[in-house]
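Structure at a glance
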Amino acid sequence: MSETIKKPVLFSGIQPTGNITIGNYIGAMSNFVKLENDYDCLFSIVDLHALTVRQDPASLRRKSLELAALYIAAGLNPEESIIYCQSHVPQHAELAWILNCFTYMGELSRMTQFKDKSQKHADNINAGLFTYPVLMAADILLYQTDLVPVGADQKQHLEITRDIAERMNGIHPGLFKVPKPHIPKETAKIMSLTEPEKKMSKSDPDDSIITLVDKPDAILRKFKRAVTDSETEIRFDPENKPGVSNLLSIMSNMSGESIESIVSRLNGQGYGALKQQTAEATIERLKPIQLKQEELLKDKEYMAKVLKTNAERAQTLALRTLRKVYKKLGLYQP
Ligand code: TYM
């Protein structure tokens with residue numbers, strides 16, 4: 001993508017925290033790859049969002065670079081799409097301040113992620129955690145974004161982003177493009193392997209998640225121990241058979257085979273076969289990504305260059321919106 005926008009704009013971000021899971025891969029990254037050619041895309045490593053919970057500095061730095069390499073290893077093209085760190089583009093934080101002044105305490109306190117995270121981190125309920133969705137709205141609105149591919153857990157954040165944009169457009173017509181979420185049903189929510197009623201999260205215990213850096217033996221071991229149910233029938237029924245349905249969904253996403261076809265092929269076989277084949281499909285899909293990521297991480301110079309150049313490209317676009325916002329809001333511009 002050059003700095004001239006020709007296609008509709010797509011924006012999404014992932015936090016460089018914990019280990020990226022197959023939930024992030026299926027719910028977000030694999031859709032980024034599918035959509036990349038039809039949009040002018042920005043994929044951010046949202047390191048400022050990561051600071052809402054305490055981070056070890058060395059680890060945050062390393063994970064930011066690993067995530068950048070993962071974006072590329074998963075198939076995104078940094079010559080086309082803008083792959084960059086959020087903190088390298090100061091306009092995100094600047095726009096977030098402006099949006100803060102148009103966002104209500106009441107709507108922020110209804111955010112389920114805020115409620116969950118303040119329970120998890122009861123000793124550190126900071127203001128950043130509370131205004132997290134405002135920074136996310138700034139990420140998106142800064143680029144006049146059309147489409148935001150995310151998992152189902154981000155739906156509420158997209159709604160508040162749209163509300164803020166519409167509210168501000170009501171006062172200053174034409175200020176922002178109102179973005180649409182892209183949350184395909186098949187990829188929206190990958191569940192934990194040990195508690196399949198719960199979403200798979202980066203911060204969950206290791207046995208309940210498959211990370212993108214897991215080796216084949218760990219992947220096989222974790223799938224073999226995945227919680228299913230006391231029946232034997234392989235059937236897609238998320239309500240009554242969450243564990244089995246989750247495995248079917250993972251296998252389908254990893255292999256490209258439809259759930260119906262997997263179900264009829266495995267008809268009469270036990271859960272052992274389902275687990276084995278889900279593991280095999282996952283190992284097969286992750287292998288080239290892992291190799292490519294390792295190779296990229298060895299080339300520190302290349303990675304630094306990609307991130308620097310792309311941050312500059314993002315800044316050019318970000319400045320356009322920020323200047324427009326400052327002007328329309330009446331901030332004096334000499
Ligand atoms: P994060 O880092 O928690 O997750 C990154 C992406 O992965 C999706 N995801 C899942 N999808 C399906 N099943 C799962 N189990 C699963 N777990 C995670 C998330 O929905 C997300 O799309 N607030 C965001 C980051 C962000 C952002 C943005 C996203 C900041 N600014 C602007 C889009 C646009 C977050 O914490 O994602």
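Cut-offs used in this document
Residues numbered from 1 in each chain as written. Predicted model: local features only at pLDDT ≥ 70, side-chain atom pairs only at ≥ 80, totals over all residues. Heavy atoms only, no water. Helix = DSSP H or I, 4+ residues; strand = E, 2+ residues; numbered from the N terminus. Rg over C-alpha atoms; globule rule 2.2 N^0.38 Å. Areas by Shrake-Rupley, 256 points an atom, 1.4 Å probe, with all protein chains shown as cover. Lys, Arg positive; Asp, Glu negative; His and termini not counted. Charge placed at Lys NZ, Arg CZ, Asp CG, Glu CD. Domains from an automatic or database assignment. Contact = heavy atoms within 4.5 Å. Buried area = accessible area lost by both parts, 1.4 Å probe. Salt bridge = Lys/Arg side-chain N within 4 Å of Asp/Glu carboxyl O. Polar contact = N/O pair within 3.5 Å; in protein donor to acceptor, adjacent residues only side chain to side chain. Near = heavy atom within 4 Å. Phe/Tyr/Trp six-rings, centres within 6.5 Å; stacked < 30°, edge-to-face > 60°. Buried < 20%, exposed > 50% of the residue type's maximum accessible area, 1.4 Å probe, protein only. Axes fitted to C-alpha atoms, helices over the stretch in contact; angles between N-to-C directions. Parallel < 35°, antiparallel > 145°, perpendicular 65-115°, else oblique. Left-handed = near helix turned anticlockwise from the far one by under 90°. Nonpolar A, V, L, I, M, F, W, Y, C, P; charged D, E, K, R; others polar.

**Section: the overall build of the chain**
Across its full length, the chain carries 13 helices and 5 strands. Here the chain has a C-alpha radius of gyration of 21 Å; the compact-globule value for 334 residues is 20 Å, and the two agree. Once the C-alpha set of the chain is aligned to its principal axes, its extents read approximately 75 × 45 × 40 Å. Total accessible area computed for the chain in this model is approximately 15600 Å², and 54% of it derives from carbon and sulfur atoms. For the chain, the separation between the mean place of its 43 positive charges and that of its 41 negative charges on side chains is 4 Å.

**What about the domain arrangement of the chain?**
Splitting the chain by domain gives domain 1 (9-182 + 299-329) and domain 2 (206-293). One C-alpha centre belongs to domain 1, the other to domain 2, and the line joining them spans 30 Å. Facing the 12 residues of domain 1 at the interface are 15 residues of domain 2. It is Ile22, Tyr25 and Ile26 in domain 1 that bury the most area against domain 2; as a group they hold 46% of the surface buried on that side. At the junction of domain 1 and domain 2, the tally comes to 0 salt bridges. At the junction of domain 1 and domain 2, the tally comes to 4 residue pairs in polar contact (both at pLDDT 80 or more). Within the residue set of the side of domain 1 that touches domain 2, elements represented by two or more residues are α1 (22-35) and α3 (57-73).

**Description of the site of the ligand**
With respect to spatial proximity, 27 residues lie near the ligand, and among them Tyr132, Asp139, Asp153, Ile190 and Lys202 are the closest. Between Asp139 and the ligand, the recorded distance is 2.6 Å, taken from a side-chain N or O atom to a nitrogen atom. The side chain of Asp153 places a nitrogen or oxygen atom 2.4 Å from an oxygen atom of the ligand. Here the ligand has 710 Å² of accessible area as a free molecule, and 97% of this is covered by the chains.

**Here we look at the packing of aromatic side chains**
Here the structure, examined in full by the defined rule, presents 6 aromatic pairs. The interplanar angle of 70° and the centroid separation of 5.0 Å between the aromatic rings of Phe114 and Phe130 together place this pair among those described as edge-to-face. One end of the pair, Phe114, is in helix α6 (residues 112-120); the other, Phe130, is in helix α7 (residues 127-141), and 16 residues separate them in sequence. Exposure class is identical for Phe114 and Phe130. Each is buried. An aromatic cluster is built from Phe11, Tyr84 and Tyr143, whose rings are joined through pairwise contacts.

**Topic: the packing of α7 against helix α8 (residues 155-171)**
With their axes 9 Å apart at the nearest point, α7 and α8 run at an angle of 70° to one another. As the angle between them shows, α7 and α8 are arranged roughly perpendicular. The interaxial crossing formed by α7 with α8 has right-handed handedness. Residue-level contacts link Tyr132, Pro133, Met136, Ala137, Ile140 and Leu141 of α7 to His157, Leu158, Ile160, Thr161, Ile164 and Ala165 of α8. Classifying every residue of the contact of α7 with α8 gives 10 nonpolar, 2 polar and no charged.

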